[in-house]
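# Topology and contacts: notes
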Amino acid sequence: MNLAIRDIRHKLGRFALTAVGLGLLLLIVMGMGGILKGIEDDATLLIDALDADLWVVQRDTRGPFAELSRVSATLEDRVRSVPGVAGSRRFVTHTVQRVHNEQPLRAMLVGLAWPDDRGDWLPIVEGRSLSQAHYELVADRSLNLGVGETLRLGKDEYTVVGIVNELVGSGGDGLAFVTIADAQAIQLDAVGEATRLERSSRRQRGARQDLGQTQPGLLERAEGPASLNPALGPPPVSAVLVNLSPGVDPEFVRSSLMGWPDISVYTGAEQRNLLLKGPVDRARRQIGLFRGLLVVISAILMALILYTLTLEKIHDIALLKLMGAKNSMILGLVLQESFFLGAIAYGIAYFLGDLVFPFFPRRVIVTNDMLIWLALAVVALCIAGSSLGIWKAINVEPNEVLA
Amino acid sequence: MNEHANTPAIEMRGVTKVYGSGNTRVTAIKDIDLTIGKGEVVALLGPSGSGKSTLLSSIGLINPPTAGRIMINGTPVMDGPNELVNIRRYRREHIGFIFQKSNLIPFLTAIENVLVALAIAGTTGRSAKKRATQLLESLGINDRANNLPSALSGGQQQRVAIARALANNPSLLLADEPTAALDGKLGRQVMELFRDVGHNSGAGVLVVTHDQRALDVFDRTIHLEDGVLTNQHEASAAH
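Everything quoted here is computed from the prediction, not taken from an experiment.

Quick look at the overall build of chain A now. Within chain A one finds 13 helices and 10 strands. At 31 Å, chain A has a C-alpha radius of gyration far larger than the 22 Å of a compact globule built from 403 residues. Across the 403 residues in chain A, those meeting the buried criterion constitute 45%. Excluding contacts between residues fewer than 6 apart, the proportion of contacts in chain A whose partners are at least 24 apart in sequence is 74%. As displayed, chain A has an accessible area near 19,800 Å², and 58% of this comes from carbon and sulfur atoms. Positive and negative charge centroids in chain A, built from 39 and 42 side chains respectively, lie 4 Å apart.

What follows is the structure in structure tokens.
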């Protein structure tokens, strides 16, 4: 005869409510862990997906995810000439916030180095990768854009040609992939009046200088688009990504590149680490501390609930002791009830989490390791929470029944 | 014949219980000599504060005496405050308790309340079920076996408590004002039940009671005043 089950059956409603309450508390603990994991995974998702061996960034900066990094677009070609380098790509990223279909749309734009990189490596779940140099876009599903839908960015309309799943930036914004030229056009977009003013001031600056006076052709070009003016050069990019030939030691290539005075070089792992230690770190610590606090609160609440459950039965426990029950029987009654409560609460947290976490605005990633960790924590909490009740139960005098 | 056949169910010699010390020292019972034979049904009378509950709890091995010797079934179990045997096991195997309130475990049905006493003594399975059913039948409440205590009347609850106390064939049955919560007619029925149980099972029965109306069912009555046994009467002399 299992006394714990019979006691639970007797006060089923109250036990169920307690289990639901505790389950919701565990759901929050589980959710906080999942949010933390989600932030970490989201932050490194792009770095992992780009799969670069080395990141070449502006000198003395920590790369485009930590701060503003600008390197010359021609760096791509310079890097390619270094022994051991199998390939290099320009990398441009920036965040845009627009209104689309009367809803705010916030996306992290990533430039693909067309024509070498058309986004064939992207995990496309619908549609296709880029097939032309301009005005096409591959979007993450979280942006709620459909294939064929058009989106105005800068002066141009972009057509969504492909959808990827769960590709977001460190801020949780969905990624959108366009060619680097388009990404820069969107980034450097200025209204017509601003362009006219810039061209005019460019001509006036040229007219005041010897070069402009001796070479009138240059002055004429100063009034034209920047792309037609060789003196201005192409706009800078955020970084250059390097892939090495098989078997090449990254340190060897890095030491060669570090001789150049205008750049810093990081391995993929270092760039990942910089990201986690930088922009993500504070959010991670904040949530981590909050999660720790929740675990402590859960432990205290659980101990109180279990202690109260035991106190309610203290007369019955005294009676059992009067009848000669062994301590193991009393221990079993208290501990089993505690474990049942913990197990049901854990089950509630698990199933509710499965239902509600997908609707959270940011990814909530609950891994098997986390589930095991939480289960062990619940077992530990059950034992620790019961200890006060067990102490009370073991020390109750049988003659309390006579009182 | 069993060698213990003539051994008393309980024997107390010079049992004294003192609470506190110094100025707060109170002698609850003093130099009690008491013997209850097997199958003997004894009523313990006395005013409030006379030490009845202390005496009962000392006999029941839940409140060790300060001095004196207690023997159950001829086996010395307490010598002053010293335990001479495993007290919890002895209580489990030899003593049954019945209280003013039935003290049934509220989350167990009537039969489960009996079964739990059997389980504590190590009897489980079919034999336990059979024994519990027999006991409930003999007390006339087998038809309520699967009811929770809250669904039973006071008298029915007390019968279940008696069945539970008898589950492990105790040598001694101790009852603390078992009819206090029952009306006169029901109270007498319960007292008669004790008499029948004592006579039929061979267990010594000691009942603490204030109920003077049912004293005729007892083999003997003993009186306690200020912690001292004042007189003992055989049944014929008691009424």
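After presenting the structure, the write-up continues.
Moving on, we come to empty space enclosed by the protein. Taken as a whole and assessed by the stated rule, the structure comprises five cavities of 30 Å³ or more. Taken as a whole, the largest cavity spans an internal volume of roughly 160 Å³. Around the largest cavity, the lining is made up of 16 residues, and of these Met323 of chain A together with Ile95, Gly96, Arg164 and Ala165 of chain B lie nearest the centre. Listed by contribution, the elements that provide at least two residues to the lining of the largest cavity are helix 2 (87-94), strand 7 (95-98), helix 3 (110-120) and helix 5 (154-166) of chain B. It is helix 2 of chain B that contributes the most residues to the lining of the largest cavity, four residues altogether. Considering only residue class, the lining of the largest cavity consists of nine nonpolar, three polar and four charged.

With that settled, the discussion passes to the interface of chain B and chain A. The partner chain A presents 23 residues to the 21 residues of chain B that form the contact. Summed over both partners, the interface of chain B with chain A comes to about 2,100 Å²; 68% of that surface belongs to carbon and sulfur atoms. Summed over the three residues of chain B that lose the most area to chain A, namely Arg88, Phe107 and Ile120 of chain B, the buried surface amounts to 33% of that side. Inspection of the chain B/chain A interface yields two salt bridges. When the shortest N-O distance is used, the salt bridge between arginine 6 of chain A and glutamate 112 of chain B registers 2.7 Å.

Another point: the packing of aromatic side chains. Residue and element names in this part refer to chain A. Applying the stated criterion across every chain, the model contains eight aromatic pairs over all chains. The interplanar angle of 50° and the centroid separation of 5.9 Å between the aromatic rings of phenylalanine 65 and phenylalanine 91 together place this pair among those described as tilted. Taken together, the residues phenylalanine 65 in the loop between strand 1 (54-58) and helix 3 (75-80) and phenylalanine 91 in strand 2 (residues 85-100) connect sequence positions 26 residues apart. Residue class for phenylalanine 65 comes out buried when judged on its relative accessible area of 13%. Of the aromatic side chains, those joined through ring pairs into one cluster are Trp55, Phe65 and Phe91. Above the plane of the ring of tryptophan 373 lies arginine 291, whose end atom (NZ or CZ) is 4.8 Å from the centre.

A separate point is the packing of helix 1 (residues 3-10) of chain A against helix 12 (residues 327-356) of chain A. Residue and element names in this part refer to chain A. Running from N to C, helix 1 and helix 12 cross one another at 55°; their axes reach a closest spacing of 8 Å. What the angle tells us is that helix 1 and helix 12 run oblique. Classified by chirality, the crossing of helix 12 by helix 1 is right-handed. Packed against helix 1, whose contacting residues are Leu3, Ala4, Ile5, Asp7 and Ile8, the element helix 12 presents Met329, Leu333, Gln336, Glu337 and Phe340 at the interface.

This paragraph deals with the side chain of arginine 291 of chain A. Residue and element names in this part refer to chain A. Following the sequence through the fold, arginine 291 ends up in helix 10 (residues 279-312). For the buried arginine 291, no salt bridge exists, and the shortest N-O distance to an oppositely charged side chain is 8.2 Å, to glutamate 40. With residues up to four places along the chain from it excluded, the contact list for arginine 291 reads Val29, Met32, Gly33, Leu36 and Trp373.

Here the focus is the pattern of salt bridges. Evaluation of the coordinates by the stated rule reveals 33 salt bridges over all chains. Taking the shortest distance from any N to any O, the salt bridge between glutamate 112 of chain B and arginine 9 of chain A comes out at 3.6 Å. Highlighted residues: glutamate 112 of chain B in helix 3 and arginine 9 of chain A in helix 1, drawn from two different chains. Residue classification places arginine 9 of chain A among the partly exposed residues on the basis of a relative accessible area of 46%. One connected set of salt bridges, linked through shared partners, spans Asp7, Lys11, Arg14, Glu312, Lys313 and Glu337 of chain A.

Turning to unusual backbone geometry, a few remarks are in order. Peptide bonds are mostly trans, and most non-glycine residues show a negative phi. Omega for the bond connecting tryptophan 114 of chain A with proline 115 of chain A falls within 30 degrees of zero, at 5°, which places this linkage in the cis form. Looking at the secondary structure, you find proline 115 of chain A in the loop between strand 3 (103-112) and strand 4 (124-127). One non-glycine residue with positive phi stands out, namely tyrosine 135 of chain A, at about 65°. Unusually for a residue other than glycine, asparagine 169 of chain B sits at a positive phi of about 50°. Inspection of the secondary structure assignment puts asparagine 169 of chain B in the loop between helix 5 and strand 8 (172-176). Owing to a relative accessible area of 55%, asparagine 169 of chain B belongs among the exposed residues under this scheme.

Residues and elements named next belong to chain A. Most of helix 11 (residues 314-322) sits out of view: eight of its nine residues are buried. Among all positions in helix 11, only Ile314, Asp316, Ile317, Ala318, Leu319, Leu320, Lys321 and Leu322 are buried. Phi for glycine 324, located one or two positions after helix 11, is positive at around 100°.

Each value, and the rule that gives it
- Residues numbered from 1 in each chain as written.
- Chains lettered and ligands numbered in written order.
- Predicted model: local features only at pLDDT ≥ 70, side-chain atom pairs only at ≥ 80, totals over all residues.
- Heavy atoms only, no water.
- Helix = DSSP H or I, 4+ residues; strand = E, 2+ residues; numbered from the N terminus.
- Rg over C-alpha atoms; globule rule 2.2 N^0.38 Å.
- Buried < 20%, exposed > 50% of the residue type's maximum accessible area, 1.4 Å probe, protein only.
- Contact = heavy atoms within 4.5 Å.
- Areas by Shrake-Rupley, 256 points an atom, 1.4 Å probe, with all protein chains shown as cover.
- Lys, Arg positive; Asp, Glu negative; His and termini not counted.
- Charge placed at Lys NZ, Arg CZ, Asp CG, Glu CD.
- 1 Å grid on protein atoms, 1.4 Å probe; cavity = no way out; pocket = protein on both sides within 12 Å on 5 of 7 lines; lining within 4 Å.
- Points joined across faces, edges and corners; volume = space filled by probe spheres on them.
- Nonpolar A, V, L, I, M, F, W, Y, C, P; charged D, E, K, R; others polar.
- Buried area = accessible area lost by both parts, 1.4 Å probe.
- Salt bridge = Lys/Arg side-chain N within 4 Å of Asp/Glu carboxyl O.
- Phe/Tyr/Trp six-rings, centres within 6.5 Å; stacked < 30°, edge-to-face > 60°.
- Lys NZ or Arg CZ within 6 Å of the ring centre and 35° of its normal.
- Axes fitted to C-alpha atoms, helices over the stretch in contact; angles between N-to-C directions.
- Parallel < 35°, antiparallel > 145°, perpendicular 65-115°, else oblique.
- Left-handed = near helix turned anticlockwise from the far one by under 90°.

All quantities given are derived from atomic positions and should not be read as evidence of function.
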